[in-house]
Structure formats: C-alpha cells, structure tokens
Amino acid sequence: MPIHDYKNPRRASKRPARFRKPGRWILFAFLIYYLGTLWTAEESPEAPTEEIALAQTDTAEVVESDTLQAESERILEPGWTVISGQIGHGESFSETLIDRGVSKTQIFDELKPAIDHIPGRELDLNLVQQGDQYTVELDSLGVIQQFEYVKHGDLERRFLASRLNGTLQARKEEIPLQKEVVVVSGQIDNSMWQALQQSGENPFLVSYKFSSIFEYYIDFAGDCRTGDQFVCAIEKLYDKTGQFVRYGDILTAEYEGEKGSYQAFLFQVPGQKKGYYDATGKSLRGQFLVNPLQNPRTSSRFTNRRFHPILKKYIPHHGIDYAAPRGKPVWATAAGTVSFIGRKSALGNYVEITHKNGYKTGYGHLSRFPRGLRKGSRVSQKQTIGYVGATGRATGPHLHYNFYQRQHGKHRLVNPERVLKKINKPSGKSIPQAYAAHYRQHSQMLMGLLHREHGTIITAALHDLAQPSEAPSEE
Ligand SMILES: [Zn+2]
C-alpha cells in the first residue's frame with residue numbers, strides 16, 4: 001500500500017531489494033534496544049552511583065540542554081494544526097495523512113519531493129512501517145510548515161522538514177544521545193556470561209564486546225577459571241528521556257586469570273580505525289583468533305588419547321571440538337586462501353585454509369558451505385567459511401577444528417592452545433612515536449577506571465576518554 005506516485009507510477013510499485021534490508025535492521029535494532037531495557041531494568045542493589053568529574057568542562061552537555069530548551073519553548077502559531085500519530089498495521093503514509101485532512105497536493109507535490117532529496121534516500125515514504133511516528137504541522141491554509149518522522153525502534157535519528165522561504169526543506173537529524181561510562185567488574189564463578197548477568201548488565205552484549213577485545217589471547221571456552229577477575233569501562237547511551245538506547249565501546253578492559261592476565265585500552269591513532277592496545281602501546285591484534293566460533297563451548301580438546309564415542313576405543317584427537325548448534329557460522333581464524341573445500345571422509349564437509357608463515361587451519365563436520373566459496377578463494381579473518389553440522393563421523397552437531405604448523409617442510413597437526421600463545425604476541429602495529437606520549441597519558445587515565453568499584457558511573461569529560469586527540473602532542 002504505497003503512496004501512489006502519479007508522476008512515476010512504475011517507481012512506486014517496484015520494491016527495490018535494498019529497501020528490504022532496513023526493515024530487518026530496524027527489527028534488529030529494536031531487539032537490541034529491547035534486550036537492553038530488559039537488562040538495565042534489573043539494577044544491582046549495591047551499585048554505587050557515584051559521579052566522578054574527571055576533567056574541567058563538558059561543552060557538549062551545555063549545547064544539548066540549549067537545544068532541549070528551544071524545543072520545549074516552541075509555541076505554535078495561531079490557526080495552525082498539529083497532526084501526530086503512528087502508522088498502523090497495513091496503513092500507508094499517504095492514506096493516513098489524507099484521512100486526517102492533509103491534501104494530496106501537500107503530500108505528493110510538497111512533502112514527498114522534499115523527503116526524496118535527503119541524501120542517501122534514507123526515508124522512503126512509500127515504504128513506511130507499522131509503529132513509525134509522524135508529526136505534521138499545518139498552517140491555517142493547510143500548508144505543511146513542519147514535519148517530523150521517526151522510524152519504529154530507531155532511537156538515534158529522525159527526519160525533519162521545515163518550510164523556508166516558501167519551500168519545504170528536509171533533512172536527517174541524529175538524535176543526541178547522552179553518554180555515560182559505567183565500570184563493570186566481576187569474578188568468574190561458572191562463566192563470564194553468568195558473572196555479567198549478576199552484574200546487572202546485558203551479558204550477551206557485554207560478553208560479546210569483552211571477548212572480542214581479547215579474541216587473540218583468551219579462550220573464553222576453556223581458559224576461564226573460577227576466581228578469574230574481569231573489569232571493563234563501557235559506554236552506555238541514553239536518549240533525553242533517560243531511556244537506555246545501546247552500549248557503545250568498551251574503553252578499557254582487564255582480565256586477570258589463572259591462565260594469563262591482559263589489559264586493553266581503546267585508542268584511535270588519527271587516520272586509523274580505533275583499536276585496542278596494551279599498556280606499552282602495542283596493538284592487541286594477533287594473526288589468529290583463538291576460537292573459530294562466537295561464544296564457543298569446547299567439548300573435546302587436543303589429546304593423544306581420547307575414548308572415541310563412535311569407534312569405542314582410545315585414539316588420538318588431534319584437533320579441538322566445539323559443541324555448537326547446527327547452522328552456527330564458522331569463522332576463518334585468520335586471513336588466507338581456501339586450499340580444500342568438499343567432502344573429506346570422517347571429517348564430513350571440510351574446509352582447509354592456508355595462511356601465511358606456514359600455518360593451515362581446517363574446519364570439519366560442516367552442514368554446508370557459503371555460496372561462492374571455492375578452492376583458491378581468498379578469505380579474510382572472521383569471514384564465515386561454513387556452518388556447524390554433523391556430516392562425516394559425528395554423534396551430533398559440532399565443529400572439529402584442526403591447526404597445522406609447518407615443521408621440517410611438512411604440515412603437522414599441533415595443539416593451537418599451545419602454539420597460539422607464541423604466535424599471538426602483542427606486536428603488530430604499535431602506537432606511532434608521534435602519539436606515544438599522548439597514548440601514555442590516555443591509557444593512564446583509562447587505567448584509573450579499572451580500579452573503580454563495580455557500578456561506578458562517569459559522566460563528565462567523556463570525549464576525553466573516548467576521543468583522545470585531534471593532534472599529536474609535541475613532546
Ligand atoms: Zn573432533
């Protein structure tokens with residue numbers, strides 16, 4: 001039920017494929033938001049809400065409250081009417097407005113062309129969805145003077161149009177979100193996930209973000225021990241009504257475990273992507289991800305003697321098994337080239353990837369391969385190279401992961417848990433010398449947060465924490 005575009009009827013009836021995606025995205029955003037509200041609703045009773053001023057002033061806050069004030073003080077001109085509501089099930093935008101007395105000319109000749117001029121055509125009034133919110137202000141002659149549109153579940157942007165010198169001009173506006181940083185810490189009893197759940201934060205999101213930081217070092221499926229401690233400072237974003245919208249970045253994180261301790265500080269070297277560095281300024285990126293799956297659970301480790309559940313005898317198991325639901329995406333643990341893809345006896349559907357420095361990885365029992373992946377394909381790290389299954393000799397869906405190292409000219413199966421400790425050392429790109437002093441200062445400020453109590457909220461000078469610098473310091 002699109003707006004009937006009488007100037008170009010063909011365009012109105014067509015539903016281009018790229019517009020199907022935003023719908024799914026909105027759904028996803030809403031889900032994240034929903035989960036967020038669900039988890040933040042449960043507040044930890046002991047959480048202190050101490051506010052700490054870390055630096056002088058926060059200009060962003062002042063600007064924001066000015067805008068707020070301006071908005072609430074806007075007085076409607078005499079004779080104007082405001083139409084405001086939500087798109088209902090099966091309703092189209094034009095029908096909704098026509099029903100409420102807006103003229104077709106105003107909708108099709110004024111509003112729609114203005115909206116279509118927003119760069120990227122992010123709002124298509126032909127493709128509105130149930131729950132989208134609109135507000136239209138009409139003057140005494142029924143002419144649209146102001147327009148506002150918020151897509152359902154999108155708490156971060158709105159579309160606006162206002163009449164300037166007789167023409168409606170539309171724009172997209174990011175809704176300013178208020179940011180705070182909260183310190184989240186805990187002790188592993190059973191799992192990271194459970195510890196986070198007890199902390200009152202959303203365990204899905206926080207553990208995903210936390211484990212991604214250390215994905216080259218910590219095997220969250222097997223290395224976590226009771227008594228291990230973790231702490232991080234994570235951004236939380238709220239709208240102006242105080243509604244939690246989403247998590248932002250983890251600014252700093254620390255894991256102190258029986259099997260190793262790590263610290264990470266988020267820093268952006270100007271002109272580069274944000275990244276995590278250790279206390280000495282070395283990038284935490286390594287060659288291989290520890291795990292080929294998200295939220296993995298190890299079911300069989302690398303061993304020379306394992307009782308085989310199908311063969312009913314002790315044989316070596318020179319790989320790692322991860323129990324996972326069928327269909328879960330399997331990642332390439334490092335960039336490389338597909339050197340085998342297809343059926344491989346007991347391993348079922350198998351993908352082998354050859355990496356630089358004499359390493360190969362293999363992924364077995366896959367249910368299927370992604371379309372287009374073939375021998376010789378280049379793959380990037382974390383690219384999906386297959387889906388968990390139970391093909392070959394398997395009692396249930398799991399991933400068998402092989403890791404080969406070239407020794408004396410031959411590729412041999414080795415225990416990745418052992419060799420990765422040597423391969424993945426913080427090295428890679430370090431902070432360039434020009435920014436070293438700045439990084440030291442920045443990481444020290446972040447390090448201070450790691451010693452704060454669980455639940456501490458930091459609201460001041462957040463841009464100093466997240467965005468270290470525009471220019472290198474002159475030290
Ligand atoms: Zn196996």
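Student: Which parts of the structure should I look at to understand the packing of helix α6 (residues 192-199) against helix α7 (residues 203-213)?
Tutor: Angle between the axes and distance between the axes are the two parameters that describe a pair of packed helices. Between α6 and α7, whose axes approach to 9 Å, the crossing angle comes to 130°. As the angle between them shows, α6 and α7 are arranged oblique. Relative to α7, α6 is oriented so that their crossing is right-handed. In this structure, α6 uses Met 192, Trp 193, Leu 196 and Gln 197 to contact α7, whose residues at the interface are Pro 203, Phe 204, Val 206, Ser 207 and Phe 210. Per-class residue counts for the contact of α6 with α7 are 7 nonpolar, 2 polar and no charged.

Student: Help me understand the coordination of the zinc ion in this model?
Tutor: Perfect tetrahedral coordination of a metal by four donors corresponds to 109.5 degrees between them, and perfect octahedral coordination by six donors corresponds to 90 or 180 degrees. Protein coordination at the zinc ion comes from His 317 (NE2), Asp 321 (OD), Asp 321 (OD) and His 400 (ND1), with a distance range of 2.0 to 2.7 Å. Taken together, the 4 donor atoms coordinating the zinc ion and their angles of 52 to 148° define a geometry best described as irregular.

Student: What am I meant to see in unusual backbone geometry here?
Tutor: Generally, phi is negative for residues other than glycine and the peptide bonds are trans, each holding for most cases. Not every positive phi belongs to a glycine, and Arg 121 is a case in point at roughly 45°. Its place among the elements puts Arg 121 in the loop between α5 (104-116) and β2 (133-138). A residue is classified by how much of its surface remains accessible, and Arg 121, at 21% relative accessible area, is partly exposed. Phi is positive for Ser 345, which is not a glycine, with a value near 25°. Considering the arrangement of structural elements, one finds Ser 345 in the loop between β17 (336-343) and β18 (349-354).

Student: Looking at this structure, I do not really get the nonpolar core. What am I missing?
Tutor: In a soluble, globular protein the nonpolar side chains are often hidden away together inside. Counting 31 residues, the largest nonpolar core has Met 192, Phe 210, Phe 214, Phe 220, Phe 230 and Tyr 255 as the members making the most contacts within it. For this core, the elements supplying multiple residues, two or more each, are β6 (178-187), α6, α7, β7 (229-238), β8 (244-257) and β9 (260-267). The element that contributes the greatest number of residues to this core is β8, accounting for 5 residues. Discounting chain neighbours no more than four positions away, the residues touching Met 192 are Ser 207, Phe 210, Phe 220, Phe 230 and Tyr 255. If you look at the next biggest cluster of nonpolar residues, it comprises 25 residues, including Phe 288, Tyr 322, Ile 385 and Val 414.

Student: Can you walk me through the environment of Arg 374 in this structure?
Tutor: Looking at where Arg 374 falls in the secondary structure, it is placed in the loop between β19 (359-366) and β20 (378-379). Look at Arg 374 and you get exposed, because its relative accessible area is 55%. Arg 374 sits 23 residues away from Val 351 along the chain, and the two C-alpha atoms are 9.3 Å apart. What Arg 374 contacts, discounting residues up to four positions off in sequence, is Val 338 and Ile 341.

Student: Even after reading the chapter, I still don't get the environment of Leu 127, so can you show me in this structure?
Tutor: Within the element layout of this structure, Leu 127 appears in the loop between α5 and β2. Overall, Leu 127 belongs to the partly exposed group, its relative accessible area being 24%. The sequence separation of Leu 127 and Ser 92 amounts to 35 residues, and the corresponding C-alpha distance is 7.9 Å.

Student: Even after reading the chapter, I still don't get the side chain of Glu 201, so can you show me in this structure?
Tutor: Mapping Glu 201 onto the fold places it in the loop between α6 and α7. The class for Glu 201 is buried, based on a relative accessible area of 7%. For Glu 201, the side chain forms a polar contact with the side chain of Lys 236, separated by 3.1 Å. A distance of 2.4 Å separates polar atoms of two side chains, one belonging to Glu 201 and the other to Tyr 247.

Student: How do you make sense of the pairing of strand β5 (residues 167-174) when you look at a structure like this?
Tutor: Judged from the 8 bridges that link them, strand β4 (residues 157-164) and β5 form a sheet pairing that is antiparallel. The residue bridging Leu 164 from the neighbouring strand is Thr 167, located in β5. Counting the residues in the hairpin turn of β4 and β5 gives 2 residues, including Asn 165, whose phi is positive at 50°.

What counts as what
- Throughout, a residue's number is its position along its own chain's written sequence, starting from 1.
- Side-chain atom pairs in this predicted model are given and counted only at pLDDT of 80 or more, local residue features only at pLDDT of at least 70, and totals for whole chains, interfaces and linings cover all residues.
- To get the side-chain values, take all heavy atoms of the structure and skip hydrogens and water.
- For helices, the fitted axis covers only the stretch in contact; all axes are lines through C-alpha atoms, and the angles between them, taken along N-to-C directions, range from 0 to 180 degrees.
- Helical segments are the DSSP runs of H or I of at least four residues, strand segments are the runs of E of at least two, and each set is numbered from the N terminus.
- Note on angle classes: values under 35 degrees are labelled roughly parallel, values over 145 roughly antiparallel, values of 65 to 115 roughly perpendicular, and the remainder oblique.
- Handedness of a crossing is defined here by the sense of rotation of the near helix relative to the far one, left-handed for an anticlockwise turn of less than a right angle and right-handed for a clockwise turn.
- Residues are treated as being in contact if the distance between any of their heavy atoms lies within 4.5 Å.
- Each residue receives one of three labels: charged for Asp, Glu, Lys and Arg, nonpolar for Ala, Val, Leu, Ile, Met, Phe, Trp, Tyr, Cys and Pro, and polar for the others, Gly being one of them.
- Distances decide who is a donor: an N, O or S atom must be within 2.8 Å of the metal, or within 3.2 Å for Na, K and Ca. Water is not included, so sites may look incomplete.
- Between 85 and 135 degrees for all angles marks four donors as tetrahedral; over 155 degrees for opposite donors together with 65 to 115 for all other angles marks four donors as square planar and six as octahedral; every other arrangement is irregular.
- Classification of residues uses two cut-offs on accessible area relative to the type maximum, computed with a 1.4 Å probe and protein chains only: under 20% is buried, over 50% is exposed, and between them is partly exposed.
- Side-chain atoms within 4.5 Å link the members of a nonpolar core, which is a set of buried Ala, Val, Leu, Ile, Met, Phe, Trp, Tyr and Cys residues.
- In protein, a polar contact means a hydrogen-donor-capable atom and an acceptor-capable atom, both N or O and within 3.5 Å, with residues adjacent in sequence counting only if both atoms are side-chain atoms; elsewhere, any N or O pair within 3.5 Å suffices.
- Should DSSP find at least two bridges between two strands, the strands are taken to pair.

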